[in-house]
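The primary structure of each chain is shown beneath.
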Amino acid sequence: MIWDGCDSLEGLQTTAGAMLGTNVSKSLRECNATKNSSLGNVSVGFPITMMITGMVGNSLALILVCISYRKKENKRKKSFLLCIGSLALTDLFGQLLTSPIVISVYRADLKWERIDSSGNLCAFFGVCMTTFGLCALFLASAMAIERAMAITNPHWYSNHMKTSVTKQTLAAIWCVVLLFALLPIAGVGKYTRQWPGTWCFISTGDREVTGNMFFSITFAVLGIFSLLITVSCNVVTIRGLIIRCKTKSGTSQSSKQWERLTTETVIQLLGIMCVLLICWSPLLVLMLRMISTQVSSHQCNSTVVPVNQTAGQDVQLDCNFFLTAIRLASLNQILDPWVYLLLREILLRKFCIMANAVSNCSLEEQKETQTALDALNKLNHENNSLHKPQSS
């Protein structure tokens, strides 16, 4: 993390003349060394890797959703499949529209002005970040609500939950979030470049901008509210699954199949909650903290050197954490298709097969051990009978 106070030193060196030139040049070299060291830690490999892995995972998820959606036996799952497909499509477009811009900025030596002299691209980037971020959170909440209704009230769900209702809900989510993301374009709020100057997002520290506090706080509150809904509904679903599994317990084939499906679903829901909380909580909580302290990540690129060194270090730490938090939130776009679909279809099924195999082997070993013990006891009993003295 660096401050562009080095640029101020350049101007000072020009105006001060030869008398102070030596000291200023030394300070300038130190600033440039710090700047290069800090920027060296920011690698273009990160956005390239995220774009490729995100495209592969979400593309596979879309293919599996299309195949499953066309099967006649999946009529009851069509609403859930529509939600998963929409989430995968949202994450895929989010990667395709934002990652190339970030990569282009890296190729321009981290100088945004080379590719966006007008500033319109920054506004577009901010709209994409806000839209695809909130859409992913709202779609996760919609899926959590859909699963909770399907498990806790299956009869109502089968009679009222139609695919047309799901499509209308998904369209409404997209429209509402897009309109919200366009507020800064209409003059309510502001998108600014964020550290290290490779991306744009909501400004958290500009209180003088009209509606900026409302916009940034609303984004954070909506995100946290969505997380709470998702976690609450998933907890309700897990509880409902466990209760139904206990009522269906038995030795029949259908009971064993229900237990297996319950285990898979519970593991999947726990994975979804962990991924969402880990990826999104740091960003949303940090946004609220930066709003309360009137700090914005774009201040790390400011040409003003902070007078208070401690305050400057605090801002630098916030900027570093903010960059890490936004990377975690972007990582959610890569993990979404795995925790919602691919993980269950591929890994969980293999895990259950392996677990059953290990369990069966353990049962066989127990049976063999018990048989050997019975044979040994029988042999000892026969030996004792042979050696017992007979009465006259």
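Residues numbered from 1 in each chain as written. Predicted model: local features only at pLDDT ≥ 70, side-chain atom pairs only at ≥ 80, totals over all residues. Heavy atoms only, no water.

(A) Region of interest: the confidence of the model for the protein. For the protein, per-residue confidence averages 75 on the pLDDT scale, and 66% of positions sit at 70 or higher. Averaged over each element, pLDDT in the protein is lowest for helix α1 (residues 5–16) (40) and highest for helix α7 (residues 163–181) (93). In this model, residues 1–41 is a region of pLDDT below 50 whose contacts with residues beyond four sequence positions or in other chains number 42 contacts. Note that residues 302–307 has pLDDT below 50 and, in this model, nine contacts with residues that lie over four places away or in other chains. (pLDDT = per-residue confidence, 0-100. Helix = DSSP H or I, 4+ residues; strand = E, 2+ residues; numbered from the N terminus. Contact = heavy atoms within 4.5 Å.)

(B) Spotlight on the pairing of strand β1 (residues 191–194). In terms of strand pairing, β1 meets strand β2 (residues 199–202) through four bridges, oriented antiparallel. From the neighbouring strand, Arg193 faces β2, where its bridge partner is Cys200. Hairpin connection of β1 to β2: four residues between the antiparallel strands, including Gly197 at a positive phi of 90°. (Pairing = 2+ DSSP bridges.)

(C) Here's a closer look at the state of the cysteines. Per the counting criterion, the structure on display carries one disulfide. Here Cys122 engages in a disulfide with Cys200; their sulfurs sit 2.0 Å apart. Looking along the S-S bond of the Cys122-Cys200 disulfide, the torsion reads about -120°, which is the left-handed sense. Note that Cys122 is positioned in helix α5 (residues 120–152) and Cys200 in strand β2, a separation of 78 residues in sequence. There is no split in this pair, since Cys122 and Cys200 are both buried. (Disulfide = S-S within 2.5 Å. Buried < 20%, exposed > 50% of the residue type's maximum accessible area, 1.4 Å probe, protein only.)

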